[in-house]
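# Fold and contact review
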Amino acid sequence: MTATYTFDVFSSLDGYGAAGANWSGYWGRQGPELLDHRLALYGAEQRMVFGADTYRAFTRMLASSTEESDVRDPWVTRMRNLPATVVSTTLEGPLDWPNATVVSGDAVDVVTRLKEESEVPLRSHGSLSLNRALMAAGLVDRLQVTLFPVITGRTGLDPIFQGAADFDLELVENRTLDGHIQELIYRPTLH
């Protein structure tokens, strides 16, 4: 049996993974229901998979944060303490992340092997280019989009699906959090 792989991503309505200017984390729209739900999602045993850029961004973000900042939400702390694989041809271990290993090589080959060998589900938060390649290879079982009610047309950063292949999406789960955030879980297949 192969492990399930979930590509977990936050998005503005117009498809950006982040925004510059005066937007804060979660585009300032987080609430207790979202944060509790995220903690529950990351409470289950699973292995995280990151690309090098996302790993570097998370370590910089966490290093510059304080215990009181939004960055140190309990779900982020839990995510950081889960076993993790960082796929990279530029990083070398040891990594500044508990239970993380760096694996060099093609992401499709690495994740194919992880799916075959892992006894727990695999999850990736962010890592956009890595996950676009994995989707194109048919390795993403679940695409989990947390959609925030904002449009960041002028300040949007990191277009999530820019340059991606075409996909048909089958909605398998959805929920509304804090009355305005949509969590949409799809099964993607190449179109």
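Examined against the element boundaries, Asn131 turns out to sit in helix α5 (residues 128–136). At 3.0 Å, the side chain of Asn131 forms a polar contact with the side chain of Ser124. Apart from residues lying up to four places away in sequence, Asn131 is in contact with Tyr5, Phe7, Ser124, Gly126 and Val140.

What follows deals with the pattern of salt bridges. If you walk through the whole model with that rule in mind, you get nine salt bridges. Here Glu173 and Arg175 are joined by a salt bridge, their closest N and O atoms 3.3 Å apart. Between Arg175 and Glu183 there is a salt bridge; the shortest N-O distance is 2.3 Å. Taking the relative accessible area as the measure of exposure, Arg175 reaches 28% and is therefore partly exposed. Three or more residues joined by partner-sharing salt bridges are found here, namely Arg142, Glu173, Arg175 and Glu183.

Turning to the side chain of Ser118, a few remarks are in order. By the element assignment, Ser118 lies in the loop between α4 (107–117) and β6 (122–125). Engagement of the side chain of Ser118 in a polar contact is seen with the backbone oxygen of Val120, the distance being 2.6 Å.

What counts, and at which threshold
- Residues numbered from 1 in each chain as written.
- Predicted model: local features only at pLDDT ≥ 70, side-chain atom pairs only at ≥ 80, totals over all residues.
- Heavy atoms only, no water.
- Helix = DSSP H or I, 4+ residues; strand = E, 2+ residues; numbered from the N terminus.
- Polar contact = N/O pair within 3.5 Å; in protein donor to acceptor, adjacent residues only side chain to side chain.
- Contact = heavy atoms within 4.5 Å.
- Salt bridge = Lys/Arg side-chain N within 4 Å of Asp/Glu carboxyl O.
- Buried < 20%, exposed > 50% of the residue type's maximum accessible area, 1.4 Å probe, protein only.

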